[in-house]
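Tertiary structure, described
Chain by chain, the residues run as shown.
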Amino acid sequence: MKKLLLIHFLIFFFIQIGFSQTSTVSGIVKDAETGETLPFCNVFINNTTISTTTDLDGVYILEELQPGATEIGFSFMGYEAVTKPVTLNPGGKLTLNVSLKPLETELSDVEIKAKRDKTWERDLRKFENLFLGNDLVAAKTEIENPWVIDFPPSDEKNTFLASSQLPIELVNNYLGYKITFDLKEFFDNPMNYRISGAARFEELSPEASGQEEEWEKNRMEVYRKSPQNMFRAMIAGTHEKEGFFLYGDKPGGADSRNMRSDIFANELGKSVIPYKPEQLVVPADKPGEYWINLKGRIEIHYQKGYSQQNTYRDAPYPVSWLEVNGGKVRVRENGMILNPQDVVFSGDMDRRRVASMLPLDYDAERAIQLQNLDKTAANYQERIYLHTDRPYYQEGEEVFFQAFINYGNPYLKNELSEVLHVELISEDRDFLFRKKYKIFEGAAGGSFFIPDSLSGHHFFLRAYTNWNRNYGPDHYFTKPLLILKSSEEVEKSSSNQMVSELVKVNADRAQYGKREKVNLKINTQELTGKPLAARIAVSVYDLTQVQPVLEGAVSTSSLELEKIPESVGLDRFSYTIEKSLNEQFLLKDQKGKGTAGDVTVFVNGFEGIVELEANRNGEFALEEMEFYGPMRLAIQGLDSKGRPLPEVEYLESLSAPIASFPNVDWPNIKEGTGGPQRDLAREEFVELEEVEVDEKAFPSSGAIYGNPDFVVTSDKILATGSAVDLVNSLAGNVPGMRVTVAGASGKQQIRLRGGATSVFGSMEPIVMVNGAILVSAPDATAADNLRNINPNDIDRVEIVSRTVSMLGDQGRNGVIAIYLKDGMSPERQMAIPSALSEFVVEGYEVPRSFFEFSYDAGMESPNQDLRKTLYWNGSLVTDESGEVEISFFTNDSVGPMRVEIRGLSLDGKPISGTFTINQENR
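Residues numbered from 1 in each chain as written. Predicted model: local features only at pLDDT ≥ 70, side-chain atom pairs only at ≥ 80, totals over all residues. Heavy atoms only, no water.

**A few points about the overall build of the protein**
Rule in force here: For the purposes of this entry, the term helix denotes a DSSP run of H or I that reaches at least four residues, the term strand denotes a run of E that reaches at least two, and both are numbered from the N terminus. We call a residue buried when its accessible area falls under 20% of the maximum for its residue type, exposed when it is over 50%, and partly exposed in between, using a 1.4 Å probe and counting protein chains only. Method for areas: the Shrake-Rupley scheme with a 1.4 Å probe, in which residue coverage is limited to the protein chains shown.
Assigned secondary structure in the protein consists of 11 helices and 55 strands. Counting every position in the protein, which comprises 922 residues, the buried fraction comes to 51%. As displayed, the protein offers around 44,600 Å² of accessible surface, 46% of which is attributable to carbon and sulfur atoms.

So, in structure tokens, the structure goes:
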């Protein structure tokens, strides 16, 4: 028997609750001696798969961490590894800067290997048995760099020591993990052993079909028979159901197991008896912690397992023994041991070492559910509901929406669709647009602009996933959308207050005046009053300008799951699950037929080059892409002899067929009395200072931004000489344009008369070439985009220093629009090879933030505040008590306001509530 002080890592476990308030840790990693920053340093949550690396400035950030006590590890080649304990608060942001000490001696792999001898090799084999374990899992786990391990002599008799200055790298082919282990302490003697260190887990990439499923199966097998699962099951009272049977020594029975027979049936009732104390589990003094009473020596039979080393001939399953100093084990609700120094294991559980470790963020409950989950249409269904910030719109306005997806089984959330298709369709079944939005954690949010010239008023907003199409048109979400001309209004109609489902709203005051702050407290709760964790979307609009029409046209009942017979499987489904963006193409020969060949794809000029092969039918695809906005592709095909092929065809995916639209009681429309009303959410209130410009007016280029504020012609750009710096040349010709250098990066940044931070954290204008927005990499500035353009090819540059509402968040800080000379194109100046087929494919829609207007943030007040939507947030999360608070400002109408709340609880219950506040004000 050996005293197990536990593989001393983190005694904390991440409970994966998708809607809990998460924490963030960030900081800088430096050299402790020189103070220089360390790029590409590994930063990780100890004993998990959660990790990152520092950037070129030594900066790191770990986001969406579960609150509570944890340890953060820092590991960098040639430096001493460091582990820092921290406590994270819900929603908190912690700054943790670390200085790493260089190792005193650093030997190359060759120098280290040269010093190893047969004694070291013998010690290594012993270390592997003690460190990895002695079972099937250990047999399939390999130490990739054993030469970094030393075995120093010990002053204590019969004590075996090991140490390593560099991290030990393990590959566990049984569980599918690579583990980087920073060994702090290792010793073993006849009485006890100790392994201490920090482990960083990485999931291996499967190399064969079915390997990933095999790893999942093995992980579940290891977890099921682990001490953690046993203690968790004891708390739940299900340990025998899950295979753990406990026995204790019978008072007055045999004192030693050596005196027992190898037939368990003969010993039961004679030397051992079932261990069933009156109170096996008792709550501890802290929430979520328990005492488990285990007095004396406990014999554990895991009857759902199998073991080749049988203690009893009639019990071919793992048998272990457990003794606890003090007779009590303190554990968390998930089974994690809190007093490991008091726990003594022997037998099968004593053979479990580092090889059998699972990362602490391993979602065992989800794995158990998926393991036992039948692949039926009922389990795999997706139901969609889409909520907009208002019931109807005028042409040119922006629509904000949030989509919620309910699943047949919530544990399949990460296995199903990650692409949401949203379409605007006329009542004549014409598609106005088709867009794609990223699904994350069962939701997708975004916005789009209503085209400014439409025929008719009655339209439908449709949303579905590719997988969703297998279930038929009834599973698509369809919402009627009324669209008015700028001069039209909806006739007033009486509207009853809708019934609230699982949500309540409390305002801090009964009435509000003009431009006053409103504070609302929102509660989501069960019918019994129990708090309900939920994700919700909340909109507030002005009832004096927007009528509450079409309220009964769509209900959150579309989120309710369909009762599909369990006998219906997935074998007949033809539409696949979309996890990413995929684009299909066809390579054609001179006769227009598909043909095999080599394909080169130029992405956004020379930002990226992809080499592909077309099959014998000419088909090839760009797969597993993740990008936002438009992407320019130039594709070249070559036959087997290297000759260019004439054509590449883009195989655009077909939209889901339109079966029929629901019957809608459309409201009546009349001509407006007050003229078109502007939405302050997309206006700029900062008055520009006067500048001297040419007397002539700038003609409109027909661009989306309208008339420019300044125009710089080619002769002014080239006036500085032959070696033209386009950025500085523009700065010298555009009043109010400033060019600054950003920190240590040395990158130039452009400002047009101040600027406001966009949703992406940028204060720069966007750059357009011939009307197309240049797609930038995350670390590219507007100046970087301008330098990719040859000044000699430019006809003129139009500058817009105001906010461009039609470009949404992208246009918040103005536009620099480049127009090339006749016959020139952005592609030509990038010198892309000839004989290409060119395409523009659309990625996910770029998320835009709703403009939140505030009268207490130092913002200049407008003459009139006629906002229709006063508040919108599609990603609110209620806290542990089911509460969330919001605030916004009223406009100038001082009238009633409609609060609409839609969402989905953690356990899949649709949430819906419609309320009216400020009703007595007129």
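From this point on, the discussion continues.
**With respect to the side chain of Lys868**
Short version of the rule: For this analysis, a polar contact is any N or O atom pair within 3.5 Å, provided that within protein one partner can donate a hydrogen and the other can accept it, and provided that sequence-adjacent residues contribute only side-chain to side-chain pairs.
Structurally, Lys868 can be placed in the loop between strand S51 (837-842) and strand S52 (869-877). Here the side chain of Lys868 touches Glu397 through a polar contact of 3.0 Å, side chain to side chain.

**Regarding the pattern of salt bridges**
The condition is simple: A pair is scored as a salt bridge if a Lys or Arg side-chain nitrogen falls within 4 Å of a carboxyl oxygen belonging to Asp or Glu.
Applying the stated criterion across every chain yields a total of 35 salt bridges. Salt-bridge contacts for Glu242 lead to Arg232; the nearest nitrogen and oxygen are separated by 2.9 Å. Taken as a pair, Glu242 in the loop between helix H5 (227-236) and strand S17 (244-249) and Arg232 in helix H5 lie far apart in primary sequence, 10 residues in all. A relative accessible area of 21% means that Arg232 is categorised as partly exposed. When the shortest N-O distance is used, the salt bridge between Asp795 and Arg796 registers 3.2 Å. Residue class for Asp795 comes out partly exposed when judged on its relative accessible area of 34%. Looking at Arg796, the relative accessible area reads 23%, which means it is partly exposed.

**Digging into the sheet that holds strand S55 (residues 910-917)**
Rules: Being paired, for any two strands, means DSSP has found at least two bridges between them. With axes taken as lines fitted to C-alpha atoms, and helix axes fitted only over the stretch in contact, angles between N-to-C directions fall between 0 and 180 degrees.
Strand order in the open sheet formed by 4 strands is S52-S36-S54-S55, with antiparallel pairing between adjacent strands. The open sheet has two free edges, formed respectively by S52 and S55, since each of these has just one partner strand. In this sheet, adjacent strand axes meet at a mean angle of 10° when their direction is disregarded. As paired elements, strand S36 (residues 534-542) and strand S54 (residues 897-905) share 9 bridges and run antiparallel to each other. Pairing of Arg535 across the sheet is with Leu904, part of S54.

**Comments concerning the confidence of the model for the protein**
Our working rule: pLDDT gives the predictor's per-residue confidence on a scale running from 0 to 100. Working rule for contacts: check all heavy atoms of both residues, and any pair within 4.5 Å makes them a contact.
Summary statistics for the protein give a mean pLDDT of 83 and a share of 85% for residues scoring 70 or more. This stretch, residues 675-697, has a pLDDT under 50; its non-local contacts, to residues over four places away or in other chains, come to 39 contacts. For the stretch residues 825-834, pLDDT sits under 50, and the model shows 25 contacts to residues farther than four places along the chain or on other chains.

**Let's talk about the packing of aromatic side chains**
Filter applied, for reference: Two rings from Phe, Tyr or Trp (for Trp, the six-membered ring) form a pair when their centres are within 6.5 Å of each other. A pair whose planes differ by under 30 degrees is stacked, one over 60 is edge-to-face, and the rest are tilted. Criterion for a charge above a ring: Lys NZ or Arg CZ within 6 Å of the ring centre, and within 35 degrees of the ring normal.
A complete count under the given rule lists 34 aromatic pairs for this structure. An angle of 35° between the planes, with centres 5.2 Å apart, marks the rings of Tyr464 and Tyr476 as tilted. With Tyr464 in strand S31 (residues 458-464) and Tyr476 in the loop between S31 and strand S32 (477-484), this residue pair connects regions lying 12 residues apart in the sequence. For Tyr464, a relative accessible area of 2% translates into the label buried. Taking the centre distance of 6.4 Å and the plane angle of 45° together, the rings of Phe851 and Phe853 count as tilted. Relative accessible area serves as the criterion here: at 5%, Phe853 is assigned to the buried category. Linked through ring pairs, Trp120, Phe127, Phe131, Phe151, Phe160, Phe181 and Phe186 together constitute an aromatic cluster. In this arrangement the basic side chain of Arg796 is found over the ring face of Tyr819, its NZ or CZ atom lying 4.1 Å from the centre.

**Concerning the pairing of strand S47 (residues 766-769)**
Alternating positions in S47 separate into two faces, Ile766 and Met768 on one and Val767 and Val769 on the other, with burial throughout. Note: S47 against strand S50 (residues 815-820), 4 bridges, orientation parallel. Each bridged residue has a counterpart across the sheet, and for Val767 the counterpart in S50 is Ile816. Pairing of S47 with strand S48 (residues 772-773) involves 2 bridges; the strand directions are antiparallel. Along S48, the bridge assignment pairs Met768 with Ile773. Taking the residues between adjacent antiparallel strands as the criterion, S47 and S48 are bridged by 2 residues, where Asn770 takes a positive phi near 50°.

**With respect to unusual backbone geometry**
Phi is positive for Phe40, close to 65°, though the residue is something other than glycine. Within the chain, Glu64 stands out as a residue other than glycine whose phi angle is a positive 55°. Here Glu64 lies in strand S5 (residues 59-65). Exposure remark for Glu64: the relative accessible area of 53% places this residue in the exposed category.

**What to know about helix H2 (residues 118-132)**
Note: α-helices contain 3.6 residues per turn, so residues at a spacing of three or four share the same orientation. What counts, and what does not: A helix's residues, less one, multiplied by 1.5 Å, set its expected span. The arc refers to the directions leading from the helix axis to the C-beta atoms.
Its 15 residues give H2 an end-to-end C-alpha distance of 21 Å, which sits within 8% of 21 Å, the value for a rise of 1.5 Å per residue. Restricting attention to buried positions, one finds in H2 the residues Trp120, Asp123, Leu124, Phe127, Leu130, Phe131 and Leu132. In a view along the axis of H2, the buried residues occupy a sector of 155°, so they form one face of it. Following H2 by one or two positions, Gly133 adopts a phi angle in the positive range, close to 115°.

**A look at helix H9 (residues 726-733)**
For H9, the set of buried residues is Leu726, Val727, Ser729 and Leu730. For H9, the angular spread of buried residues about the axis comes to 165°, placing them on one side.

**What about the nonpolar core?**
Basically, it comes down to this: Think of a nonpolar core as a cluster: buried Ala, Val, Leu, Ile, Met, Phe, Trp, Tyr and Cys residues, connected wherever their side-chain atoms sit within 4.5 Å.
Leu386, Leu420, Val422, Phe448 and Ile450 are the most contacted members of the largest nonpolar core, which totals 43 residues. Listing elements by their share of this core, those giving two or more residues are strand S25 (382-388), strand S27 (398-407), strand S28 (419-426), strand S29 (431-438), strand S30 (443-449), S31 and S32. The dominant element in this core, judged by the number of residues it contributes, is S27, at 7 residues. The next biggest cluster of nonpolar side chains, apart from the first, holds 40 residues, and it includes Leu130, Ala199, Tyr362 and Ala364.

**Some remarks on the environment of Phe74**
With respect to the element layout, Phe74 can be found in strand S6 (residues 68-75). For Phe74, a relative accessible area of 0% corresponds to the buried category. Considered as a pair, Phe74 and Val43 are 31 residues apart in the sequence and their alpha carbons are 4.8 Å apart. Sequence-distant contacts of Phe74, that is, excluding residues within four places in its chain, are made with Val29, Asn42, Val43, Phe44, Tyr60, Ala81, Val82, Lys84, Leu96, Val98 and Leu100.

**Focus on the environment of Asn523**
Topologically, Asn523 is positioned in strand S35 (residues 517-524). A sequence separation of 18 residues divides Asn523 from Val505, and the C-alpha atoms of the two residues are 6.4 Å apart. Not counting chain neighbours up to four residues away, the residues in contact with Asn523 comprise Leu502, Val503, Lys504, Asn506, Gly882 and Glu883. Within the local environment of Asn523, its side chain forms a polar contact with the side chain of Glu883, the two groups lying 3.2 Å apart.

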